[in-house]
Amino acid sequence: MKQFFFCSLAFLFSFHSNAQTKPDNLKNYLQVSAGRSSNGTGDLRGIIFSTQYGKHFKKKLLWNVFFSGTIHDGSYPLKFTVGTREVDGSIRYTTGGLQLGGGIGYSILKKSSHEILAKANCLFRYQSSSYPDYYQIDYPAGTGLPYPVILYSHSTPQRTYTVGGEAQLQYNYVIKEKWSIGIIGGVQTDTDGNTITQISLAGGIKF
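Q: Describe the overall build of the chain, naming the residues involved and giving the relevant values.
A: Looking only at helices and strands, the chain has 2 helices and 12 strands in total. In the chain, the succession of α and β elements from N to C terminus is α-β-β-β-β-β-β-β-β-α-β-β-β-β. Here the chain holds 207 residues, and 34% of them are scored as buried. For the chain, the exposed area adds up to about 13,100 Å²; of that, 63% sits on carbon and sulfur atoms.

Q: Now, about the side chain of Lys-206: what can you tell me, with residues and values included?
A: Examined against the element boundaries, Lys-206 turns out to sit in strand 12 (residues 195-206). By relative accessible area, Lys-206 is classed as buried at 18%. The residues touching Lys-206, leaving out its near neighbours within four places in the chain, are Leu-26, Asn-28, Tyr-29, Glu-115, Glu-177 and Lys-178.

Q: So what's going on with the sheet that holds strand 7 (residues 114-129)? Which residues, and what values?
A: Around the barrel, which closes on itself, the 8 strands sit in the order 1-2-3-6-7-10-11-12 with antiparallel pairing between neighbours. When the angles between neighbouring strand axes are averaged without regard to direction, this sheet yields 25 degrees. Where strand 1 (residues 28-39) and strand 12 come together, 11 bridges link them in antiparallel fashion. Pairing of Ser-37 across the sheet is with Gln-198, part of strand 12.

Q: Pulling in residues and values, what's your account of the nonpolar core?
A: A general trend in soluble globular proteins is that nonpolar side chains are found buried together. Grouped together as the largest cluster of nonpolar side chains are 5 residues: Leu-44, Leu-78, Ile-91, Tyr-93 and Ile-137. Apart from residues no more than four positions distant in its own chain, Leu-78 is found in contact with Val-87, Asp-88, Gly-89, Ser-90, Ile-137, Tyr-139, Pro-148 and Ile-150.

Q: Outline a nonpolar patch on the surface, listing residues and values.
A: Where nonpolar side chains cluster on the molecular surface, the patch consists of Phe-57, Leu-61, Trp-63, Val-65, Ile-104, Tyr-106, Ile-108, Leu-109 and Leu-169 and spans about 790 Å² of accessible area. Those elements that place two or more of their residues in the nonpolar patch are strand 3 (61-76) and strand 6 (91-110). At 4 residues, strand 6 tops the list of elements feeding residues into the nonpolar patch. Here Ile-104 is to be found in strand 6. Residue class for Ile-104 comes out exposed when judged on its relative accessible area of 53%.

Q: Before we move on, could you go through the environment of Ser-90 and cite the residues and values that matter?
A: Locating Ser-90 in the fold gives a position in the loop between strand 5 (85-88) and strand 6. A C-alpha to C-alpha distance of 6.5 Å links Ser-90 and Ser-75, two positions 15 residues apart in sequence. Discounting chain neighbours no more than four positions away, the residues touching Ser-90 are Tyr-76, Pro-77 and Leu-78. Reaching out from Ser-90, the side chain makes a polar contact with the backbone nitrogen of Leu-78 at a distance of 3.2 Å. Polar contacts involving the side chain of Ser-90 include one to the side chain of Asp-88, which spans 2.6 Å.

Q: Give me the lowdown on the packing of aromatic side chains, citing residues and values where you can.
A: Here the structure, examined in full by the defined rule, presents 6 aromatic pairs. Each ring, one from Tyr-53 and one from Trp-63, has its centre 5.7 Å from the other, and the planes form 70 degrees; the classification is edge-to-face. Of this pair, Tyr-53 sits in strand 2 (residues 44-56) while Trp-63 sits in strand 3; the two residues are 10 residues apart in sequence, bridging distant segments of the chain. The exposure class of Tyr-53 is partly exposed, given its relative accessible area of 27%. One aromatic cluster is present, formed by Tyr-53, Trp-63 and Phe-207 through successive ring pairs.

Definitions and cut-offs
Residues numbered from 1 in each chain as written. Predicted model: local features only at pLDDT ≥ 70, side-chain atom pairs only at ≥ 80, totals over all residues. Heavy atoms only, no water. Helix = DSSP H or I, 4+ residues; strand = E, 2+ residues; numbered from the N terminus. Buried < 20%, exposed > 50% of the residue type's maximum accessible area, 1.4 Å probe, protein only. Areas by Shrake-Rupley, 256 points an atom, 1.4 Å probe, with all protein chains shown as cover. Contact = heavy atoms within 4.5 Å. Pairing = 2+ DSSP bridges. Axes fitted to C-alpha atoms, helices over the stretch in contact; angles between N-to-C directions. Core = buried A, V, L, I, M, F, W, Y, C linked by side-chain atoms within 4.5 Å. Patch = residues over 30% accessible without salt bridge, like charges linked within 9 Å, V, L, I, M, F, W, Y side chains within 5 Å. Salt bridge = Lys/Arg side-chain N within 4 Å of Asp/Glu carboxyl O. Polar contact = N/O pair within 3.5 Å; in protein donor to acceptor, adjacent residues only side chain to side chain. Phe/Tyr/Trp six-rings, centres within 6.5 Å; stacked < 30°, edge-to-face > 60°.

What follows is the structure, given as structure tokens:
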């Protein structure tokens, strides 16, 4: 009777173990991320957000596709007084973009709970920007008017379509085999001369 009991337990344990998906067999992943970002030389600060799908096709190699967006803004403070009223005439500008791309990644470190990835991506970017290429402020002392006069000049289009490349370094901490949290650092550039950096928090699931 005891032998039958222990054999039954062994069979059930073996069946349960085989029915579970091993971590090494979880080849696909889905990830979302969001964080801080800068555009240009750092004078435009904002946010970046992304959704990514990928698949390991070898032990340490993967491919991925992603859709992401960026919003950056800034201002040049300008305040003046008309009569007794203070006016905020600051020059405000915003740059926003959407991106679609993909690339390959390499697992520099891959253990049960820790993973470090290096990724190289190509991307297509749509961007809309109100940032002036040149502006000049003429003050009342030079114009004789009771308020500053601002002259804008644009030499590039408001909407642009570009292609570019991106490099990323990512750390993931794996929770319960399927779920992970991590941090992403990256920099990208494109044919319009945009240089965008990011530091983001990420969450994902493997399946």
